[in-house]
Structures are given as C-alpha cells and as structure tokens.
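For reference, the chains in residue letters:
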Amino acid sequence: SNTTPTGVAEAAKWVTSEAKHVAVCVENVSAAADKILQGAAESHFSLAAWSAHELHPSQPTESTLDWLFVLDTWNFSFWSDTDELFAVSFKGKTYTGYWSLVAAINRALDEGIPLTTPAYYRTISDEEIAHIFRSSSSQAAPLLVERARVLRESGAILCEHFGGSFVNVRKAAPSAQALLQLVVEHFPSFRDIASYHGRTVPVLKRAQILIADIWGCYQGQGLGHFPDIDTLTMFADYRVPQALVHLGLLRYTPGLLDFLRSGALLASGDEREVEIRMCSIWAVELVRDAVAARGRALNAVMLDFYLWDFAKRQAADMADIPIHHVRSIYY
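All values reported here derive from a predicted model rather than from experimental measurement.

Q: Any chance you could break down unusual backbone geometry for me, citing the residues and the numbers?
A: A negative phi angle is the norm for most residues apart from glycine, just as the trans form is the norm for most peptide bonds. Notably, leucine 143 is not glycine yet its phi reads approximately 55°, a positive angle. With respect to the helices, strands and loops of the structure, leucine 143 is situated in the loop between helix H7 (126-132) and helix H8 (144-161). We note that histidine 197 has phi near 50°; this positive angle belongs to a residue other than glycine. Examined against the element boundaries, histidine 197 turns out to sit in the loop between strand S4 (193-196) and strand S5 (199-202).

What follows is the structure, encoded as structure tokens:
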C-alpha cells in the first residue's frame, strides 16, 4: 500500500521512550560526538571511503545500480554459529562477513555469470546459488534458501514492473524518501518493519542502506544525488549497536547482557531486538545533532559508515560487549 510507514527516526524516538531493556545514554552524547569527530578527522574519513574499498566499484556506470541492488537484496546475516566464518576466496584473498558477499558477487561476474541481470536471476537455480556462495572454509553461507527466494522474487518484480532493471526504479524516484517508499512498497524482502507495544515500527535497514550505497558509490553525484539524503537514519544491524555500547551511548540491562552473553538467539521481532535496533537509531540521531551543533556536517549515513568501520577496527577492544544474534533476512 501507499501508506507503508517510513518515519524511522520518529519511531526510534518513541521506542526509546518506551524501552525496558535498552537505554540511550543522553549524558554521553557530547563526549561520543567529540570522539567520533576526532577519529573521523584523524582517519581523513569522507564519502570517498566507500569507493576506496577494494571490492566496491570505483568507476560506476548506470548499470552499477543493478550490482548495488543485488548487493543489498543479499545484505543480511553473515555471522557464524561457530568459530569458523563463511569465507570467499577471490583474486588471491579471503574475505569474511559483509566482504564475503561482495567478493561472491564479483567472483560470479568474473566467471561470466550474469548475476546482476534480473531476467537471469528471476529463475536462478538453487545449484547456481550454491555455486555463487561456495565457501573456502567449512562454514556454508547462512540462509541460502532465503537468499535464493528473495533474489528470484526481486528479479520477477523488476522484470514485471520496472522493465527488467533497478535503473528504472532509481530513475522513478526524485528523492531518497521517494526511493525508500518505492523499494519498500514493491519489494517484500525490504519490508523490515517490526511491531512494538501494538505499534508498527519501520526499521528499514536494507532499504536505507541501498540508498546510502547508491549515494556513496556515485559520490553524491548524478544517479547518487539525493537532495534529502540527510533524512535517512543509521542502518540497524548487529555490528553498530556493539560500537554504541562501547562508546557509552547505549546501555543494556544486566538481564539483557546475560541473555546475549549466553549466546542465545533472539527471535526476529522480539521486543529486546526491536529496542536494540531502534535505540541505536535514536542514539545516532542524537550524535548527529551534537555534531551539527559543533558546525560539522556528518549525516546519519556517514556516522553509520564511520561506526561500522570503527567497530571492525576496534573489534578486540569490544570483545566483552556481546552482539545480539538474530537469523533474519532483514540484516
């Protein structure tokens, strides 16, 4: 329907006010903003960082939009149940986590598989999917059945409604919010919408990160220009909340900490999961406001990109902070 809720920030503010298991530590926002600004300055952090990653496209063309769409259709669930991680070997290097996905896509394209063509992937076989995601470790890629299903579904929708290319979806939307609405309305796997205390709560991790990746890939120009890019929120995954706890921006109750440390799986839609995700979004909104008050322009997308890289770099320092584990197609 046309009334799909996309007011993510407002929903995050409301969940934060109701939350029982997670608190946003307003008193630490100022110090965290200073620390992030200092770190961003020291690492010369900018939007150019997106294209600087060796596996990301550095010279995008119009058709790169179809690459980005496959990437973010599959941009979920890379953590492992065991100590061994799903891994992809590509051009002499081995990649895990998010980078294993990017490497798997690029490896398939290098092998001549037309993986970014919706007319091909709408009927892609389970065998082809298994080949694309073949692992160089003993750990298989998680949720392969779901990955096959959502890719075929998205391919069929693109072919039936958008002339067989995501380029036409992008061109139909004059703004980030219009594109967000279009993607969430037409593509079921992007409907990352929770229910919390009787209210509908949009989280929209993959739909928002798709738009952010387009912005980053095209460096905010041409197909990557969105006049309202600053209206996106951070993308609520399982890595950034850990960084926010580390920075003193989020606090988990002892009961929640014990539960997460036990390694137990949270069910998708559990109120604790919704609180972790939405409080993360609201914490980043507050940091963004604090950064703006210092005369610096870092929107929520940039803060998310920075915090995600920060979490990867600081992984050893944050080992004591448990990650919440949910097996979901949404993140």
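Q: Give a description of the pattern of salt bridges that names residues and reports values.
A: It is possible for side chains of opposite charge to pair when their charged atoms get near one another. The tally for this structure, following the rule as stated, stands at 12 salt bridges. Between glutamate 160 and arginine 122 there is a salt bridge, and its shortest N-O distance comes to 2.8 Å. Here glutamate 160, found in helix H8, pairs with arginine 122, found in the loop between helix H6 (118-121) and H7; they are 38 residues apart in sequence, far enough to count as distant. A relative accessible area of 31% means that arginine 122 is categorised as partly exposed.

Q: Let's hear about the side chain of arginine 147: which residues, and what values?
A: Take arginine 147: it is sitting in helix H8. Of the side chains with opposite charge, glutamate 146 lies nearest to the buried arginine 147, which makes no salt bridge, at 7.3 Å. Among the polar contacts listed, one links the side chain of arginine 147 to the backbone oxygen of phenylalanine 76, at a separation of 2.9 Å. Within the structure, arginine 147 has its side chain in polar contact with the backbone oxygen of serine 77 (distance 2.9 Å). The contact partners of arginine 147, leaving out residues within four places of it in the chain, are Trp74, Phe76, Ser77, Phe78, Phe133 and Pro142.

Q: Can you tell me about the packing of aromatic side chains, naming the residues and giving the values?
A: Across all of its chains, the model carries 15 aromatic pairs by this definition. Consider the rings of tyrosine 98 and tryptophan 99, whose centres lie 4.8 Å apart with planes at 70°: the pair is edge-to-face. Since its relative accessible area comes to 15%, tryptophan 99 is described here as buried. These aromatic residues form a ring-pair network of at least three members: Phe69, Phe162, Phe166, Phe187 and Phe190. Taking NZ or CZ as reference, arginine 199 lies 3.9 Å from the ring centre of tryptophan 14, over its face.

Q: Break down the environment of alanine 292 for me, with residues and values.
A: Counting through the fold element by element, alanine 292 comes out in helix H14 (residues 271-293). When the C-alpha atoms of alanine 292 and isoleucine 229 are compared, they prove to be 15 Å apart, with 63 residues separating the residues in sequence.

Q: If you had to explain the packing of helix H4 (residues 64-73) against helix H11 (residues 205-217) to someone new, which residues and values would you point to?
A: Axes are the key here: two packed helices are described by the angle between their axes and the distance separating the axes. Where H4 contacts H11, the axes come no closer than 10 Å and their chain directions differ by 145°. Seen from above, H4 lies across H11 with right-handed handedness. Of H11, the residues touching H4 (which contributes Thr64, Leu65, Leu68, Phe69, Leu71, Asp72 and Thr73) are Arg206, Ile209, Leu210, Asp213, Ile214 and Cys217.

Q: Describe the side chain of asparagine 106, listing the residues and the values that go with them.
A: Take asparagine 106: it is sitting in helix H5 (residues 98-110). A distance of 3.0 Å separates a polar atom in the side chain of asparagine 106 from the backbone oxygen of leucine 55. Those residues in contact with asparagine 106 that lie beyond four places of it in its chain are Leu55, Trp67 and Phe90.

Q: Lay out the pairing of strand S2 (residues 87-90) in plain terms, naming residues and giving numbers.
A: Here S2 pairs with strand S3 (residues 93-96) via four bridges, running antiparallel. Bridging across to S3, alanine 87 finds its partner in threonine 96. Here S2 hands over to S3 after two residues, with lysine 91 in that stretch at a positive phi of 50°.

Thresholds, definitions, all that
Residues numbered from 1 in each chain as written. Predicted model: local features only at pLDDT ≥ 70, side-chain atom pairs only at ≥ 80, totals over all residues. Heavy atoms only, no water. Helix = DSSP H or I, 4+ residues; strand = E, 2+ residues; numbered from the N terminus. Salt bridge = Lys/Arg side-chain N within 4 Å of Asp/Glu carboxyl O. Buried < 20%, exposed > 50% of the residue type's maximum accessible area, 1.4 Å probe, protein only. Lys, Arg positive; Asp, Glu negative; His and termini not counted. Polar contact = N/O pair within 3.5 Å; in protein donor to acceptor, adjacent residues only side chain to side chain. Contact = heavy atoms within 4.5 Å. Phe/Tyr/Trp six-rings, centres within 6.5 Å; stacked < 30°, edge-to-face > 60°. Lys NZ or Arg CZ within 6 Å of the ring centre and 35° of its normal. Axes fitted to C-alpha atoms, helices over the stretch in contact; angles between N-to-C directions. Left-handed = near helix turned anticlockwise from the far one by under 90°. Pairing = 2+ DSSP bridges.

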